Amino acid sequence: MLQDPYVITNNKIQEPPTTLRGIARHLGPGFVLSAAIVGSGELIATTALGAQAGFVTFWVIILSCLVKVALQLEWGKHVIHSGETSMASLNQLPGFKMGKANWSIWLWLFIQLFKLLQVGGIVGGVAITLNMMAPVISIPVWAVVITFITALLVYKGYYKVVEQFSLIMMVFFTVFTLASVFFLQYTPFAISWADIQEGLQLKLPPSTVAIAIAAFGITGVGGDEIMYYNYWCIEKGYAGFTGMRQNTPEWQQRAKGWIKIMYYDALLAMVVYTVVTAAFYILGAAVLHNQGQVPEGYNMVKVLSGMYTQTLGPWAEVIFMISAFMVLYSTMFTATASFTRIFSDAFGQLGWVSFTDYATRKKTIAVLAWAFPVSWCLLFLFIKLPMSMILLGGFMTSILLLLVVYAAIYFRYRRLPAALKPTRWYDLAFWLSCITILAIAVYGIVQAIKL
């Protein structure tokens, strides 16, 4: 019988690997995370910011990718030593409850109403891309087709399927995007060191505040991805291999070892999505901004393809369509897999289902694997503004980050076993991350009031 990864017992204990080969074999949650991150945020929000602002807001994108990983590490550490899912962890936060659920879960549910729009915009981006490759089939029909295929894949798929599919898509769009930036230097849109310096001067023109805040929320590891990451860490086995929490030297050593593996996984993912995000921004700022083109509506993908045809030639449009499909679909696929798990968990905390029961959980995930893609598809078909839908979701992700910061601080100083206390350098990076996110949130609110 297949063991339930969400039930932490001592019969699944494994010692953490110490060899390079052993460590590499136990990486994986970061692949899923990268596939989710390098999608709507990078291809659409990042290039849109570059197209509108030029190089001047390049620093926002770099900061977004680097500063939030400390929160991801804290959440990942918490799931390994506690065995708690994201929603179970939120339900342990201090404060009032409405019914069985903590206030934080209800706040998360409210924010998810806007996140539905974001993924609906991604469905639209995938459908538009496929329509450009095969225009004989209309955009609405493509949206329905891709919805059905995604629901079927997630309905039948387990963790290994999600991990392997995510890795393939991540490698494909990473290589192609970096090649486009390289060949950019052989076109009239070649960038200079002065352009990069301009983008690192911490300036933020008033006209770019809203889109910059949205891009900060959606690029790099966002609040959603930080929470999703815990489920992939559990399904990879990190928490199960550590075993039930015990105040013994053996458990402490195992916990430290698997936390270290999680660190490698998260930091490798950060390198990948930071490099690709920077590449997308450079393409948008160098090519689209100079031509005064900002992607929107059904013309979004056509405008974005100009970044590649201008650098690689007309032949690259076909390759771009394939790459754009892989980028956008990776987010749609991993979002479906992640949404089904975290919402099943949330419904469990609300008392609507029994998330800890293996059969009930699998049934709930299977139902949601159809319900979410269908709802995203309907939202896109009704609104028909994929760019605006994605950016609105990104803005709400910035708000969700505040909840993630609060929870991370609570995990670090109220739930972390003394034996797992991190170094001062870790704490310094952790507080730098928290303060930066809070400062940007306050800045965004002040600017919004001024406007």
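Just so it is clear, the structure is predicted and the values come from calculations on it, not from any experiment. (Residues numbered from 1 in each chain as written. Predicted model: local features only at pLDDT ≥ 70, side-chain atom pairs only at ≥ 80, totals over all residues. Heavy atoms only, no water.)

Peer 1: Mind showing me how you'd approach the packing of helix α5 (residues 69-82) against helix α14 (residues 249-291) here?
Peer 2: Two elements in contact, α5 and α14, have axes whose closest approach is 9 Å; the angle formed by their N-to-C orientations is 150°. Regarding the angle of α5 to α14, the classification is roughly antiparallel. Relative to α14, the crossing made by α5 is right-handed. Counting all contacts with α5, which are made through V69, Q72, L73, G76, K77, I80 and H81, the residues of α14 involved are W251, A255, W258, I259, M262, Y263, A266, L267, M270 and Y273. Within the contact of α5 with α14, the residues separate by chemical class into 13 nonpolar, three polar and one charged. (Axes fitted to C-alpha atoms, helices over the stretch in contact; angles between N-to-C directions. Helix = DSSP H or I, 4+ residues; strand = E, 2+ residues; numbered from the N terminus. Parallel < 35°, antiparallel > 145°, perpendicular 65-115°, else oblique. Left-handed = near helix turned anticlockwise from the far one by under 90°. Contact = heavy atoms within 4.5 Å. Nonpolar A, V, L, I, M, F, W, Y, C, P; charged D, E, K, R; others polar.)

Peer 1: Sorry, what's going on with the packing of aromatic side chains here?
Peer 2: Aromatic ring pairs are described here by two measures, namely the spacing of the ring centres and the angle between the planes. Taken as a whole, this structure holds 22 aromatic pairs when the rule is applied. Judged by centre distance (4.8 Å) and plane angle (50°), the rings of W108 and F343 are tilted. Residue W108 is found in helix α7 (residues 103-133), and its partner F343 is found in helix α16 (residues 316-350); the two are separated by 235 residues along the sequence. Overall, the relative accessible area of 0% leaves W108 in the buried class. (Phe/Tyr/Trp six-rings, centres within 6.5 Å; stacked < 30°, edge-to-face > 60°. Buried < 20%, exposed > 50% of the residue type's maximum accessible area, 1.4 Å probe, protein only.)

Peer 1: So what exactly am I meant to see when it comes to the layout of surface pockets here?
Peer 2: One water molecule sets the probe size; rolling that probe over the atoms shows where empty space is left. When its volume is computed, the second largest pocket comes out at roughly 250 Å³. What lines the second largest pocket is a set of 16 residues, and nearest its centre among them are T85, A88, Q349, F355 and T356. Ranked by residue count, the leading element in the lining of the second largest pocket is α16, at three residues. In terms of residue class, the lining of the second largest pocket is built from seven nonpolar, six polar and three charged. (1 Å grid on protein atoms, 1.4 Å probe; cavity = no way out; pocket = protein on both sides within 12 Å on 5 of 7 lines; lining within 4 Å. Points joined across faces, edges and corners; volume = space filled by probe spheres on them.)

Peer 1: Would you mind showing me how to read empty space enclosed by the protein here?
Peer 2: Applying the stated criterion across every chain, the model contains three cavities of 30 Å³ or more. Taken as a whole, the second largest cavity encloses approximately 50 Å³ of empty space. Taken together, the residues of the lining of the second largest cavity sort by class into six nonpolar, one polar and no charged.

Peer 1: How should I be thinking about the packing of α7 against helix α17 (residues 358-383) in this particular structure?
Peer 2: Helix packing geometry: the angle between the two helix axes and the distance between the axes. Interhelical geometry of α7 versus α17 gives an angle of 75° and a closest axis separation of 8 Å. In terms of axis orientation, α7 runs roughly perpendicular to α17. Contacts between α7 and α17 involve L116, L117, V119, G120, V123 and G124 from the first element and F372, S375, W376, C377, L379, F380 and I383 from the second.

Peer 1: Sorry, what's going on with the confidence of the model for the chain here?
Peer 2: Interpreting fine coordinate detail is not advised for predicted regions of low pLDDT. Residues of the chain with pLDDT of at least 70 account for 85%, and the chain-wide mean is 83. Considering each helix and strand of the chain separately, the mean pLDDT is smallest for helix α15 (residues 300-312), with a value of 64, and largest for helix α6 (residues 86-90), with 96. (pLDDT = per-residue confidence, 0-100.)

Peer 1: Can you help me understand the side chain of D427 in this one?
Peer 2: You can see D427 is positioned in helix α19 (residues 424-450). What makes D427 buried here is its relative accessible area of 14%. A polar side-chain atom of D427 sits 2.9 Å from a polar atom in the side chain of R412. Setting aside its immediate chain neighbours within four residues, D427 contacts R412, Y413 and P422. (Polar contact = N/O pair within 3.5 Å; in protein donor to acceptor, adjacent residues only side chain to side chain.)

Peer 1: Can you walk me through the pattern of salt bridges in this structure?
Peer 2: Opposite charge on two side chains permits pairing when their charged atoms draw close. Under the criterion given, the structure shown has six salt bridges. Residue R415 is joined to E84 by a salt bridge in which the shortest nitrogen-to-oxygen separation is 2.7 Å. On the criterion of sequence distance, the pair formed by R415 in helix α18 (residues 386-415) and E84 in the loop between α5 and α6 is long-range, its members being 331 residues apart. Classification of R415 as buried rests on a relative accessible area of 18%. In this structure, R341 and E235 form a salt bridge, with 2.6 Å as the shortest nitrogen-oxygen distance. Of this pair, R341 sits in helix α16 while E235 sits in helix α12 (residues 223-236), and the two are 106 residues apart along the sequence. Grouping residues by exposure puts R341 and E235 together as buried. (Salt bridge = Lys/Arg side-chain N within 4 Å of Asp/Glu carboxyl O.)

Peer 1: I tried to follow helix α4 (residues 58-67) on my own but got confused; where do I start?
Peer 2: For an α-helix, 3.6 residues make a turn, and residues three or four places apart therefore share a direction. The buried fraction of α4 amounts to seven of the ten residues, a majority that puts the element mostly inside the structure. What α4 keeps buried is the set F58, W59, V60, I61, S64, C65 and V67.

Peer 1: What should I look at first to understand the nonpolar core in this one?
Peer 2: One recurring pattern in soluble globular proteins: nonpolar side chains tend to sit buried together. Ranked by internal contacts, the top residues of the largest apolar core, which has 126 residues, are L71, W75, M87, W108, M227, F339 and F343. In terms of residue count, the dominant contributor to this core is α14 (21 residues). Dropping the residues within four chain positions of it, M87 is found in contact with I105, W108, M227, Y231, I342, D345, A346 and Q349. (Core = buried A, V, L, I, M, F, W, Y, C linked by side-chain atoms within 4.5 Å.)

Peer 1: Can you walk me through the environment of I399 in this structure?
Peer 2: With respect to the helices and strands, I399 occurs in helix α18. Assessed through its relative accessible area of 36%, I399 is described here as partly exposed. Each C-alpha atom of the pair I399 and W108 lies 9.8 Å from the other, and the pair is 291 residues apart in sequence.

Peer 1: Would you take a moment to explain the environment of V69 for this structure?
Peer 2: Tracing the backbone through its elements, the reader meets V69 in helix α5. In this view, V69 contacts V221, A266, L267, M270 and Y273; residues no more than four positions away in its chain are not counted.

Peer 1: Can you walk me through α5 in this structure?
Peer 2: Here α5 is 14 residues long and its end C-alpha atoms lie 20 Å apart, about the 20 Å a rise of 1.5 Å per residue gives. Across the 14 residues that make up α5, a large majority, 13, are buried. Positive backbone phi, at 75°, marks G83, one or two positions downstream of α5. (Expected span 1.5 Å × (residues − 1).)

Peer 1: I'm lost on the environment of W258 in this one. Help?
Peer 2: Its place among the elements puts W258 in helix α14. Residue class for W258 comes out buried when judged on its relative accessible area of 0%. Separated by 242 residues in sequence, W258 and P16 place their C-alpha atoms 5.6 Å apart. Among residues more than four places away in sequence, those in contact with W258 are Q14, E15, P16, P17, H26, I80, Y238, F241 and T242.

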